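Chain and residue survey
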Amino acid sequence: MQNILNKKWWHNKVAYEIYPKSFMDANGDGVGDLQGIISKLDYLKELGIDILWICPIYESPFVDQGYDIADYYKIADCFGSMDDFEQLIEETKKRDMYVIMDLVVNHCSDKHTWFTKALENPEGEYGKRFYFERGKDGKEPSNYRSYFGGSMWEPVPGYNDLYYYHAFAKEQPDLNWNNDEVVQAVYDMVNWWLAKGVAGFRIDAIINIKKDTSFPSYEPDGPDGLCETEKTVSGALSCKEGPSIGQMLSSLKEHTFARHDAFTVGEVFNLENGTLQEFIGRDGHFSTIFDFSLHLLTNCEHGWFAAHKITFRELRKTIFDSQLATQKIGFMANIIENHDEPRGLNIFLPEWIDREAGAKLLGTIMVMQHGIPFLYQGQEIGMTNMDFTTLNQYNDISTIDQYHQAIDRGFTDQEALSLCNTYSRDNARTVMQWDDTENAGFSTGTPWFHVNPNYKEINVKSQLEDACSILSYYRALIALRKNSIYENVFVYGMFEPAYEEYDNVLAFYRKSEQGGYALVVSNWGKSDVTITLTDEDKSLWLMLDSMSNDYRLSVALKNAIGQKEKKDQIILKPGQVCVYG
Ligand code: GLC
């Protein structure tokens, strides 16, 4: 009810994350670029995408692939120019599409002029824009482990016993949000991009901007004597000193996003119980935040050495719990994968489900849930993890750290490599597979990163030609979700678990307040399952079947040629998913 009364322009949209370095290279230098994105806008439009989230394209030394920004007002040369960016905005507008930028303001690059000036004089005006602290008892100010390993405190060159704070790499110094100049500069920069025509932002690591500036140490939790960042963050969030995270975020919104009716999606971990309303409710800080609940199941935030294979029961329970806890409050942003995660097909599926069926299965569960779907490039063709065999094949800073963390905890080289192979973010960063020509059609030059050798079988071109492909299925699925006739069901309908008594079945309803409803039902088991329908469900029509041999027909089925066929039971093969409505 609350959602319906409070309709927003972005509620019925479908979003797509672009990792620009690996998406499409138009100028043959081996690195994806803005002209490459422009050349694929029609492809994305036909897929049904409305909102494009573009990972950082700003000037950067790329220590953390652009999440270390040296100039917030400049496009990195490898991606093109500001003219290219303006052309992108224009071309998306022509197609009724929207661009959202990545807003990385917890930290900047150590090459940002603020930081280079701060290093020259840590006590001066620029030094106040970061966190410089004296050591304690001859050691770092506190025992925090950075997200990418090692201490969060880096000694300041040329000074004795002086350190600066970096939650991520040492080349990513944290900005001091208690400093008025920093805050005002962020507002100005956000408004500058909004005035340029961006529709909003994906907001990086935003919960980290609140610090407990007394920097207390916590109980160490590893052989390095440090404690994990989760403790630092929750300690900071509960600290009463200075403005609260809520005050900081509502002020950010008031001075920027709210003035432009911008769409914002927060990367928010560590949400405290009971605060979701404050984040995504009617007057929330953001339009939406990512639902990471499935990804957190692997326990990856404690290190990959502690990760475990997700079971079907956990997966179903997690999805149900999350949907039920959030849908009355607002829209979550639903993902299967992103640039920080391995490919969903390698993580979430039981081994007996075939890749194609599994891709359609996961896609349906994600797109049909309550919330706003965020696809990640390559998901729509079922791209998979890469087979990395040695450590030097990785580029990602955090993968290298995770390898060493595992070794420090007694894992063998082979075991540590196998963890990286499964969980590395680099799995998602191999280049987009456009066709079966050299370099998967991504570049005529030498790609900056690996091309997954399976591109000959998994690529956009062959799937566009195949009415049964994963890509054709995604098009049908998104078209169904976006069909305005069913908006009250698929966009605003409430989520309700169904047929939970079947062990290997994941099923749910989307129920509109106006009375219409849909049933999504899927089989995760090894053998066929027969589901006896409730009396009410017996008269539902089949709208989409992942094992049909032509999806173009299925979408039209209900409107055009659909016949109401009464059935008492449905039988699903392993990996099959159907939508009834
Ligand atoms: C976010 C980004 C990730 C990056 C980190 C530091 O988690 O998604 O890629 O490494 O922030 O900016």
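Owing to the predicted nature of the structure, the values given are computational and were not obtained by experimental measurement. The written sequence of each chain sets the order in which its residues are numbered from 1. With the structure being a predicted model, the display of local features is reserved for residues of pLDDT at least 70 and the display and counting of side-chain atom pairs for 80 or more, all residues being used for whole-chain, interface and lining totals. Side-chain numbers here rest on the full set of heavy atoms in the structure, without hydrogens or water.

1. So, the overall build of the protein
The way it works is that DSSP assigns letters per residue, a run of H or I at least four long becomes a helix, a run of E at least two long becomes a strand, and they are numbered from the N terminus. Summing up its helical and strand segments, the protein has 20 helices and 20 strands in all. With C-alpha atoms as the basis for the radius of gyration, the globule rule is written as 2.2 Å multiplied by the number of residues raised to the power 0.38. Taken over the C-alpha trace, the protein has a radius of gyration of 24 Å; the compact-globule value for 581 residues is 25 Å, and the two agree within 12%. C-alpha atoms of the protein, sized along the principal axes, occupy 80 × 50 × 50 Å. Burial classes: relative accessible area under 20% of the type maximum marks a residue as buried, over 50% as exposed, and values in between as partly exposed (1.4 Å probe, protein chains only). Classification of the 581 residues of the protein by burial places 62% in the buried group. Only the protein chains shown count as cover for residues, and the accessible areas themselves come from Shrake-Rupley with a 1.4 Å probe. Of the accessible surface of the protein, which amounts to about 22,400 Å², a share of 49% is contributed by carbon and sulfur atoms. Positive charges come from Lys and Arg, negative ones from Asp and Glu, while His and the chain ends are left out of the count. Here the site of a charge means NZ on Lys, CZ on Arg, CG on Asp, or CD on Glu. Each charge class in the protein can be summarised by its mean position, and for the 54 positive and 85 negative side chains these summaries are 6 Å apart.

2. As for the nonpolar core
Nonpolar side chains in soluble globular proteins tend to end up buried together. Counting residues in each nonpolar core, the largest one holds 165 residues, and the members touching the most others are Y16, F85, W193, F201 and F374. Any pair of residues with heavy atoms lying within 4.5 Å of one another is described as a contacting pair. Discounting residues that sit within four places of it in the chain, W193 has contacts with Y58, Y72, Y73, I75, M82, F85, M101, V198 and F201. Put simply, buried Ala, Val, Leu, Ile, Met, Phe, Trp, Tyr and Cys residues joined by side-chain atoms within 4.5 Å make one nonpolar core. Core analysis: the next-biggest nonpolar cluster, separate from the first, contains 17 residues, V505, Y509, L519 and C578 among them.

3. Concerning the pattern of salt bridges
By convention in these notes, a salt bridge is any Lys or Arg side-chain nitrogen within 4 Å of a carboxyl oxygen on Asp or Glu. Throughout the structure, instances matching the rule amount to 32 salt bridges. Among the salt bridges present, the one from K74 reaches D77, with a minimum N-O distance of 3.2 Å. The exposure class of D77 is exposed, given its relative accessible area of 61%. Residue E337 pairs with R343 through a salt bridge whose shortest N-O separation is 2.7 Å. Across the pair, exposure class does not vary: E337 and R343 are buried alike. Via salt bridges that share partners, D64, D340, D396, R425 and R429 belong to a single interconnected network.

4. Remarks on the packing of aromatic side chains
Pairing of aromatic rings covers Phe, Tyr and Trp, the last through its six-membered ring, and needs centres within 6.5 Å; plane angles under 30 degrees mean stacked, over 60 mean edge-to-face, and all others mean tilted. In the structure shown here, the tally under the stated rule is 45 aromatic pairs. Three or more aromatic residues joined by ring pairs make a cluster, and in this case those are W9, W10, W53, Y98, F263, F269, F290, F292, F331, F374 and Y492. For the cation-ring pair, K40 lies above W434, with the distance from its terminal atom to the ring centre recorded as 4.1 Å. Here the guanidinium or amino end of K511 rests over the ring plane of Y517, the centre of that ring lying 5.7 Å away. As a reminder, the over-ring test applies to NZ of lysine and CZ of arginine, requiring each to be within 6 Å of the ring centre and within 35 degrees of the ring normal.

5. Description of the side chain of H285
Turning to its location among the elements, H285 is positioned in the loop between α10 (276-280) and β11 (288-291). Side-chain atoms alone can form a polar contact between residues adjacent in sequence; in general such a contact is a pair of N or O atoms within 3.5 Å, and within protein one must be able to donate a hydrogen while the other accepts it. A distance of 2.9 Å separates the side chain of H285 from the side chain of E278, its partner in a polar contact.

6. So, the site of the ligand
The rule for a residue being near a molecule or strand is that one of its heavy atoms must lie within 4 Å of it. With respect to spatial proximity, 13 residues lie near the ligand, and among them D64, D204, E267, H339 and D340 are the closest. Within the contact set of the ligand, an oxygen atom lies 2.9 Å away from a side-chain nitrogen or oxygen of H339. Contact between the ligand and R425: an oxygen atom at 3.1 Å from a side-chain N or O atom of the residue. For the ligand, whose accessible area on its own is 310 Å², the fraction buried by protein is 95%.

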